[in-house]
Amino acid sequence: MTQAVEHHAINAVAALVGADHVLRDDESCRYFASDLAFEPHTPPLAVVFPGSRDEALRVIRLAADEGLAIVARGGGLSYTGGYVPQEAHSIVLDTARLTHILEINEDDRYATVEAGVTWEVLHRELGHRGLRVPHFGPATGRVSTIGGGLSQNTVLFGSARYGTAAENVLSVEVGLADGSRIRTGSAAMEEGSPFFRYHGPDLTGLFLGDGGALGVKLSATLRLIPAPEEIGYASFAYPTFEAMLNALAEVARSRLAADVLGIGNYVLPDHDATKASPVLHLVAEGFSERDVSERLSRLRTICAHQGHEVEPTVPRFLRAEPFSFVTSLLDPEGRLQSWTHGIVPFSRALHVFSEIVAYLNSEAHLIERHALSIKISSAVVGTGILLEPVIHWRGKPRPLHLKGLGGTPEVWKGAVDDGATEAAEQVRRGLRDLFRFEHAAHLQVGKFYSFREGLSDDAVRLLHRLKHAVDPHNRMNPGALGLL
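Not measured: the values here are computed from a predicted model. (Residues numbered from 1 in each chain as written. Predicted model: local features only at pLDDT ≥ 70, side-chain atom pairs only at ≥ 80, totals over all residues. Heavy atoms only, no water.)

(A) Up close: the packing of aromatic side chains. Throughout the structure, instances matching the rule amount to 10 aromatic pairs. Between Phe32 and Phe49 the ring centres are 5.5 Å apart and the planes differ by 85 degrees, which places this aromatic pair in the edge-to-face class. Of this pair, Phe32 sits in helix H2 (residues 26-32) while Phe49 is found in the loop between strand E2 (46-48) and helix H3 (53-65), placing the two residues 17 residues apart along the sequence. For the pair Phe32 and Phe49, a shared accessibility class is recorded, and that class is buried. Through successive ring pairs, a cluster of aromatic residues spans Tyr31, Phe32 and Phe49. Taking the ring centre of Tyr83 as reference, the NZ or CZ of Arg73 above it sits at 5.0 Å. Note that Arg432 overlies the ring of Phe448, its terminal NZ or CZ placed 4.9 Å from the centroid. (Phe/Tyr/Trp six-rings, centres within 6.5 Å; stacked < 30°, edge-to-face > 60°. Helix = DSSP H or I, 4+ residues; strand = E, 2+ residues; numbered from the N terminus. Buried < 20%, exposed > 50% of the residue type's maximum accessible area, 1.4 Å probe, protein only. Lys NZ or Arg CZ within 6 Å of the ring centre and 35° of its normal.)

So this is what it looks like as structure tokens:
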């Protein structure tokens, strides 16, 4: 593709959406095509901000006709290369202007929103009506969008009881690579409403967690529940991670808690093991003070076996300010941080945790030399347990860290260790490989996790057939899910 052809294609896109809604300068293109962990080898040709779903479909159709790859972008908080283009002839389609709440149906208990609506905006609007999405968003919900959350899948608030974001979706409206539109679930019927997901094969599920590889999400319908009238909190400190994970698994099996989050520090071999300081944080919900009190009483019986109760400051803060995490993409000490997770069955959490520690111990020299600090988070996600080492280090910040996403621009603190970023990436790759070996599931697959490589041959063949059916020329986010 010649530069003249590229220029003509982008001019045609600008004519569709307006020149003010197309960015072509190198700095903007690199910024909008970089996430928290990866940058493109070659920046996209442009970043496009369609102002409506119909406009987005026209952009997709035109780009595909011109042979351009289309990479959808939501809030911009991927750390797995989710929207980082792999092809030079690409455009980034940003959904920042698709921000309409299309319908809140209180009678039938669903809300339909455009892909660029943030989790915080939707949660606030539903709160005025005494309603809520069962899993109502990630900690980054001030910036993270519904479309991005469903492309990558998310967890946290309400996930112990209600699972991931994808498990609470009734229907999606998707733009396919040829510019056509598909609605799923009961909304696929002529004049059908999006009240029911399983109208025949689950086409809704096909487009959830796909990283934008199968289409661009334009809108989504989420199921609603009454917002709980009472919320209770509890936290427990444990002498070891193993004791905390035993309690966490029992809490998971009980289904008594809405949020379950465990946090502790990885401690290098021959260092003070008491500094691991694992703490388990719980949130219980209900519609009466008695209901919540009974849930907390039963949770205390489970958790007090090897732990002791402490002030529940963390869960109280998280529910009071549920989307505040994104105000600081750096940690409190001004360091970069990256996340690598796996979701495993309740019965395997202790084993996989021990393998994580064994691997980190094998990298102890590298970790100590570059002053990497590692916390290990754990959470209940419906029918599984999420284990997530979080690496902190002093490296050069990326543009996303310095632009004040969701808050004020970051203040960079301390000197940069030029080798620390490569050290952190090496440890992160090792953790990814460990999770693959342990057959862990993942959210936010993007272009980092070994998704396709870990599937059976039959599953890979089916995935490629599905991809070819909806995107025969591989124009939709090439490389996502390992599909090339």
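Alright, that's what it looks like, and here's the rest.
(B) Region of interest: a nonpolar patch on the surface. Nonpolar side chains collect at one region of the surface, where Phe195, Phe196 and Tyr198 lie side by side and expose about 350 Å² of accessible area between them. Relative to the helices and strands, Tyr198 is located in the loop between strand E9 (181-183) and helix H7 (203-206). For Tyr198, a relative accessible area of 52% puts it in the exposed group. (Patch = residues over 30% accessible without salt bridge, like charges linked within 9 Å, V, L, I, M, F, W, Y side chains within 5 Å. Areas by Shrake-Rupley, 256 points an atom, 1.4 Å probe, with all protein chains shown as cover. Salt bridge = Lys/Arg side-chain N within 4 Å of Asp/Glu carboxyl O.)

(C) View of the sheet that holds strand E8 (residues 169-175). A sheet is described by the order of its strands in space; here 5 strands give the open sequence E5-E6-E10-E8-E9, paired in antiparallel fashion. Two strands bound the open sheet, and with one partner strand each, they are strand E5 (101-105) and E9. Each strand of the sheet is rotated relative to its neighbour by a mean of 10 degrees, with strand direction disregarded. Both E8 and strand E10 (residues 216-223) contribute to a ladder of 6 bridges, which runs antiparallel. Note that in E10 the partner of Val169 across the bridge is Leu222. Of the strands in this sheet, E5, strand E6 (110-114), E8, E9 and E10 touch H3, which is tilted by about 145 degrees from E10. (Pairing = 2+ DSSP bridges. Axes fitted to C-alpha atoms, helices over the stretch in contact; angles between N-to-C directions. Contact = heavy atoms within 4.5 Å.)

(D) How the structure looks around the sheet that holds strand E3 (residues 69-73). Across the sheet, 4 strands lie side by side as E1-E2-E4-E3; this open sheet has mixed pairing. At either end of the open sheet lies a strand with only one pairing partner, and these are strand E1 (22-23) and E3. Where E3 and strand E4 (residues 90-94) come together, 5 bridges link them in parallel fashion. If you follow Ala69 over to E4, its bridge partner there is Ser90.

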